[in-house]
Amino acid sequence: MCGIVGYVGEQQAAPILLEGLSKLEYRGYDSAGIAVYSDGALNVAKTRGRLQALADMTGGGAKIQGTMGIGHTRWATHGEPSDINSHPHVSSSGRFAVVHNGIIENYIPLKKKLMEKGFEFVSETDTEVVAHLFEYYYDGDMVDALIKVIQRVDGSYALGILSADDPDRFVAVRKSSPMIIGLGEHENFIASDVTAILKHTRNIYYLEDDEIVVLSKDDVKIYNIDKEEVQKKVFTVNWDISAAEKGGYEHFMMKEIEEQPKALRDTINPRIQDGKIVLDSVSLTEEDIRSLNRIHIVACGSAYHVGVVGKYIIEKLTRIPVEVEVASEFRYHDPIIDEHDLTIIISQSGETADTFAALKEAKSKNSRILSIVNVVGSTIANASDDILYTWAGPEIAVATTKAYSTQLSMIYMIALYMADKISMVSKAEYAQIVHEILAIPEKVEEILKHKEQIQFLASQFYNSKSIFFIGRNLDYAVSLEGSLKLKEISYIHSEAYAAGELKHGTISLIEEGTLVIALATGSELFDKTISNVKEVKARGAVVLGVTTEDREHVEDVCDYVIRIPKTHEILLPSLSVVPLQLFGYYVASLKGCDIDKPRNLAKSVTVE
Ligand code: G6P
């Protein structure tokens, strides 16, 4: 989704903006632009296409002089990707420039009004109304004008606004769209996320909705909507800069797949002390857990797939009913939820618009909110009652791997923690599961050692038109993620099916040579899945089985077999997902796809 960077300081702004935007490329975009204050005027450069085109246009920023500016990468929502629709948008007089992430929902009536007042619109975007509205309200004070603007616009926004009348300061504001403030020495920044400014500072302000920021070289002031100054706490980000660099890998995705053992250790180890799961940031008591009627897990994309695993595991261990739903559906069907329900929100970015809206919906119905989030201080983290951070570090590739794995590990720990509190798990089983959770990183390492086997399998199937993933229960939950990984980066059509369900329609798509990836790791349903394998084999499918190292005779029914180490049954998804991530990666790589930035996708989806 759109990325924003803003700078004011002593250095030339344009190269800093371009460099910052390059760190936000992973979010997904189709055009880019910058505006820089130069001698009482605003110098704007913008273009459709990759950031390189903007860098070429501006000589790497050298052609645009000035020490204050704003930059933007656009992911088109209103109006096609084009030079004109790219940000920054300028007001009619050219005195104000605006970058925006989010959607101004009432832009049509506002546009009509402004046109009646003589403002001329050049783009198809919703953002342009902000530029004209700002100019309409501007009376010499940027804060006053911005307060009036945000009182008129509905929707979500992170805005950076530059004025040709103000050589020293620019303003910013956010509501339901991400934006942080970076505090440097004689320089200050705005950015959509910390990776854009990590090179310059680790000191950050997180903003609440509708807090207005005035940035100058030596000062950052924050006001509420009544123009009263607000004091903020400075957060120090401890992410390692190298974590956001490729470090010799061809793609971030492979780097992040390989980082999984470390990310898992960082997430798991601090939470297990003397064989006990310690979740300090969770305030749920035994009584709270006993009084729960139901748990809702709400998320989008891969985080939703973690929720599907979560349903099986939490129900199995605690016997509390769990419903799992995609956030964009949950919020619109008037969900039955009240103060006796717990809502678990899962989000890597902590900024996904639908997920945040679902959180608000659950909160408005008095449900307690427990979030699993990777980005400290993100919108979802700030709005939750209890937060469990995954310590995966920055994840840059659009297709998530290490965030998914660490979210899974958090789900195991919550499930076991709750089951223990309400005495639903024996001491022996508790100890065994804890022991096995601690062993997951090492077992993932073991799988990664044999990645060439998966590369070979990918080379056999990368020309497939369609690939099916099947499994039962937890194996089905992992199939969903395996299928998504493959299709999002390789553009091969793929579907995941509960193995027993395939014959109720979709089996008609199986023909001679169709690849079916069958997950048969769980022992309880192993024989049933193998029967389903035989059904597809009888119709010409080629089957790649994924099973544990101790299972015999799988080669007799499957054409190819991938084996993973043994672990406790409920933890198998943490291991079986890894070969599927690798398979998707290698297939996409053999097809020459843009693995880290697949077409049409965004990393952090901040619009509904
Ligand atoms: C996007 C990404 C997915 C991600 C989903 C949820 O669609 O492409 O990889 O799973 O958003 O993101 P979140 O940050 O909320 O986990």
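The structure we're discussing is the one just above.
Notes on the structure follow. In this text the structure is predicted, and so the values were computed from the model without any measurement.

1. Considerations on the packing of aromatic side chains
What describes a pair of aromatic rings is the distance from one ring centre to the other and the angle between the planes of the rings. Per the counting criterion, the structure on display carries 10 aromatic pairs. Look at Tyr7 and Phe189: their rings are 5.3 Å apart centre to centre, the planes differ by 55°, and that puts the pair in the tilted class. With Tyr7 in strand β1 (residues 3–8) and Phe189 in strand β10 (residues 188–191), the pair connects residues that are 182 residues apart, well separated along the chain. Considered together, Tyr7 and Phe189 belong to a single accessibility category, that of buried residues. Seen in terms of ring centroids, Tyr206 and Phe235 are 4.9 Å apart; in terms of plane orientation they differ by 75°. Their pairing is edge-to-face. With Tyr206 in strand β11 (residues 203–206) and Phe235 in strand β14 (residues 235–236), the pair connects residues that are 29 residues apart, well separated along the chain. Exposure remark for Phe235: the relative accessible area of 31% places this residue in the partly exposed category. Over the aromatic face of Tyr430 sits the side chain of Lys276, whose NZ or CZ is 4.9 Å from the ring centroid. Above the plane of the ring of Phe526 lies Arg551, whose end atom (NZ or CZ) is 4.2 Å from the centre.

2. Section: the sheet that holds strand β23 (residues 493–498)
The strand order β23-β22-β24-β25-β26 describes an open sheet built from 5 strands, whose pairing is parallel. Both edges of this open sheet fall to β23 and β26 (560–564), since each of them pairs with a single strand only. In this sheet, adjacent strand axes meet at a mean angle of 20° when their direction is disregarded. As paired strands, strand β25 (residues 542–548) and β26 are joined by 5 bridges and run parallel to one another. Within β26, the residue paired with Thr547 across the bridge is Arg563. Those strands touched by helix α16 (residues 474–490) are β22 (466–471), β23 and β24 (515–519), and its axis lies near 175° from that of β23.

3. A short note on the pattern of salt bridges
This model, assessed by the stated rule, comprises 36 salt bridges. Measuring nitrogen to oxygen at the nearest pair gives 3.7 Å for the salt bridge that ties Lys199 to Glu19. On the criterion of sequence distance, the pair formed by Lys199 in the loop between β10 and β11 and Glu19 in helix α1 (residues 13–24) is long-range, its members being 180 residues apart. Taking relative accessible area as the criterion, Glu19 reaches 23% and is therefore assigned partly exposed. A salt bridge links Asp193 to Arg27; the shortest N-O distance between them is 3.0 Å. With Asp193 in the loop between β10 and β11 and Arg27 in the loop between α1 and β2 (31–38), this residue pair connects regions lying 166 residues apart in the sequence. With relative accessibility at 13%, the residue Asp193 sits in the buried group.

Calculation rules
- Residues numbered from 1 in each chain as written.
- Predicted model: local features only at pLDDT ≥ 70, side-chain atom pairs only at ≥ 80, totals over all residues.
- Heavy atoms only, no water.
- Phe/Tyr/Trp six-rings, centres within 6.5 Å; stacked < 30°, edge-to-face > 60°.
- Helix = DSSP H or I, 4+ residues; strand = E, 2+ residues; numbered from the N terminus.
- Buried < 20%, exposed > 50% of the residue type's maximum accessible area, 1.4 Å probe, protein only.
- Lys NZ or Arg CZ within 6 Å of the ring centre and 35° of its normal.
- Pairing = 2+ DSSP bridges.
- Axes fitted to C-alpha atoms, helices over the stretch in contact; angles between N-to-C directions.
- Contact = heavy atoms within 4.5 Å.
- Salt bridge = Lys/Arg side-chain N within 4 Å of Asp/Glu carboxyl O.

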